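The residues making up each chain are set out below.
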Amino acid sequence: MYLPPHDPHVDDPMRFKPLFRIHLMERKCATVECMYGHKGPHNGHIQIVKKDEFSTKCNQTDHHRMSGGRQEEFRTWLREEWGRTLEDIFHEHMQELILMKFIYTSQYDNCLTYRRIYLPPSSPDDLIKPGLFKGTYGSHGLEIVMLSFHGKKAKGTKITGDPNIPAGQQTVEIDLAHPLQLPDIETLRDFSELSRIVLEVQEQVRREEQEEEQRQEEEDCSQQAASQPAVKPLGGEGAEGEETAAGAEGATQNKAPASQPFVLPMGVISRNEDYPRTCRICFYGTGLIAGHGFTSPERTPGVFVLFDDDRFGFIWLELKSFSLYSRIKVSFQNAEAPSREAFDEMLKNIQSLAT
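Right, let's walk through the structure included here. Here the structure is a predicted model, which means the values were calculated and not measured.

Definitions and limits used
- Residues numbered from 1 in each chain as written.
- Predicted model: local features only at pLDDT ≥ 70, side-chain atom pairs only at ≥ 80, totals over all residues.
- Heavy atoms only, no water.
- Patch = residues over 30% accessible without salt bridge, like charges linked within 9 Å, V, L, I, M, F, W, Y side chains within 5 Å.
- Areas by Shrake-Rupley, 256 points an atom, 1.4 Å probe, with all protein chains shown as cover.
- Salt bridge = Lys/Arg side-chain N within 4 Å of Asp/Glu carboxyl O.
- Lys, Arg positive; Asp, Glu negative; His and termini not counted.
- Charge placed at Lys NZ, Arg CZ, Asp CG, Glu CD.
- Helix = DSSP H or I, 4+ residues; strand = E, 2+ residues; numbered from the N terminus.
- Core = buried A, V, L, I, M, F, W, Y, C linked by side-chain atoms within 4.5 Å.
- Buried < 20%, exposed > 50% of the residue type's maximum accessible area, 1.4 Å probe, protein only.
- Contact = heavy atoms within 4.5 Å.
- Polar contact = N/O pair within 3.5 Å; in protein donor to acceptor, adjacent residues only side chain to side chain.
- Pairing = 2+ DSSP bridges.
- Axes fitted to C-alpha atoms, helices over the stretch in contact; angles between N-to-C directions.

Right, let's get into a negative patch on the surface. A cluster of acidic side chains, namely Glu208, Glu209, Glu211, Glu213, Glu217, Glu218 and Asp220, defines a negative patch on the protein surface. Residue placement: Asp220 occurs in helix α4 (residues 191–225).

Quick look at the structure:
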């Protein structure tokens, strides 16, 4: 198991924890040992479910128990997972979320189903190289997100989830067609000014979407009314070509190495205050928020901040919070990138992932 570093140190390396091992014996026999718990290896089982999927089962779950009961197990888990004790966590809401995570994860006793994660394909036009990133999520701690690019959109998909947003959901979506021009550093400290800029772009995006829907409806009506195959209106292909050219030009400009000063507005909460003080470019985006159990999910406006090739951030406007993301640089073998079409289909099919 690859565990993220202790919150909120996103730039630290991933932590490694063995979960099971296989001993290959003579005559093509093998034995499986569960490595979960603190009493040493014990009897386990592995089953190949289907392509890119297998499951593990511990046959001696009593080896996972501790003499001090659930309380000792919880304190040990807290030290390993969070690098702290319960007494160090003063925020009541955070204590509640941590306890929920312990109850949820410990009930499986290393009886898990694993599915292969295909890394997203990359293109020379991408803003940065896509891949896996560690990100701060407030009281939820660090979570793993997969950044991928889809034309004029970039998406951050959760690989690990929490009680609010489960794995497989798009935690952030970045509109690469709408870069944000940040004000000078002193003005940027005013949250109301940043909010005004973002909400203006949000309204612009809403109008453009309505115009696109109306144009599409008019095209559909004209095609249905025509007795001959519809001819594309003047400027159809040409406009599309111009748009593509403009997008390519914009991508080239977006990837320019020029940087600008950056600071979080007053009142925006960040788990990690050691964020970069310069950024390359910012874009309008939306972030997914929900209640416990993924209730009442909604996309809310925010700001995607690109710091460098390996770090980016997202300002959640409604929550007044900031998430900092840092690239995972561990090499994962046999993670061949599929085509963009196949990858998009995979994203739709992700429901839950065990890590």
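On we go.
A few words on the nonpolar core. Ranked by size, the top nonpolar core spans 26 residues in total, and within it Leu180, Phe262, Val303, Ile315 and Phe322 carry the most contacts. Elements represented by at least two residues in this core include exactly α4, β15 (281–291), β16 (295–308) and β18 (321–327). The contacts of Leu180, once residues within four sequence positions are left out, are Ile197, Val198, Val201, Cys282, Phe283, Tyr284 and Val303.

Once that is clear, we can look at the environment of His45. With respect to the secondary-structure elements, His45 resides in strand β5 (residues 42–50). When the C-alpha positions of His45 and Thr31 are compared, they lie 8.1 Å apart, and in sequence the two are 14 residues distant.

So, about the side chain of His42. Within the fold, His42 resides in strand β5. Here His42 falls in the buried class, since its relative accessible area comes to 4%. One polar contact links His42 to His64, side chain to side chain, over a distance of 3.1 Å. In contact with His42, not counting residues within four places along its chain, are Val32, Glu33, Cys34, Tyr36, Cys58, Gln60, His63 and His64.

Attention shifts here to unusual backbone geometry. Geometrically, the link from Asp7 to Pro8 is a cis peptide bond, its omega value of 5° lying close to zero. Checked against the element boundaries, Pro8 lands in the loop between β1 (2–3) and β2 (15–16). Even without being glycine, Asn110 reaches a positive phi, approximately 65°. Inspection of the secondary structure assignment puts Asn110 in the loop between α2 (92–106) and β7 (112–115).

Another aspect to go through is the pattern of salt bridges. Under the counting rule described, the total for this entry stands at 26 salt bridges. Its salt-bridge partner being Glu53, residue Lys50 comes within 4.0 Å of it at the nearest N-O pair. Residue classification places Lys50 among the exposed positions, given a relative accessible area of 52%. Relative accessible area serves as the criterion here: at 12%, Glu53 is assigned to the buried category. Taking the shortest distance from any N to any O, the salt bridge between Asp52 and Lys51 comes out at 3.2 Å.

A word on the pairing of β7. Here β7 shows one buried face, formed by Leu112 and Tyr114, and one open face, formed by Thr113 and Arg115. In this structure, strand β6 (residues 53–58) lies alongside β7, joined through four bridges in antiparallel fashion. Within β7, the residue paired with Thr56 across the bridge is Leu112.

The next point concerns the sheet that holds β6. Backbone hydrogen bonds are what pair the strands of a sheet, in a parallel or an antiparallel way. Read from one edge to the other, the open sheet built from five strands follows the order β3-β4-β5-β6-β7, with strand pairing classed as antiparallel. Every other strand in the sheet has two partners, leaving β3 (20–24) and β7 as the edge strands with one partner each. Geometrically, the sheet is characterised by an average inter-axis angle of 35° between neighbouring strands, direction not taken into account. Two strands pair when backbone bridges link them, and strand β4 (residues 30–34) and β5 are joined in this way by two bridges, in the antiparallel orientation. Residue pairing in the sheet places Glu33 in a bridge with Asn43 of β5.

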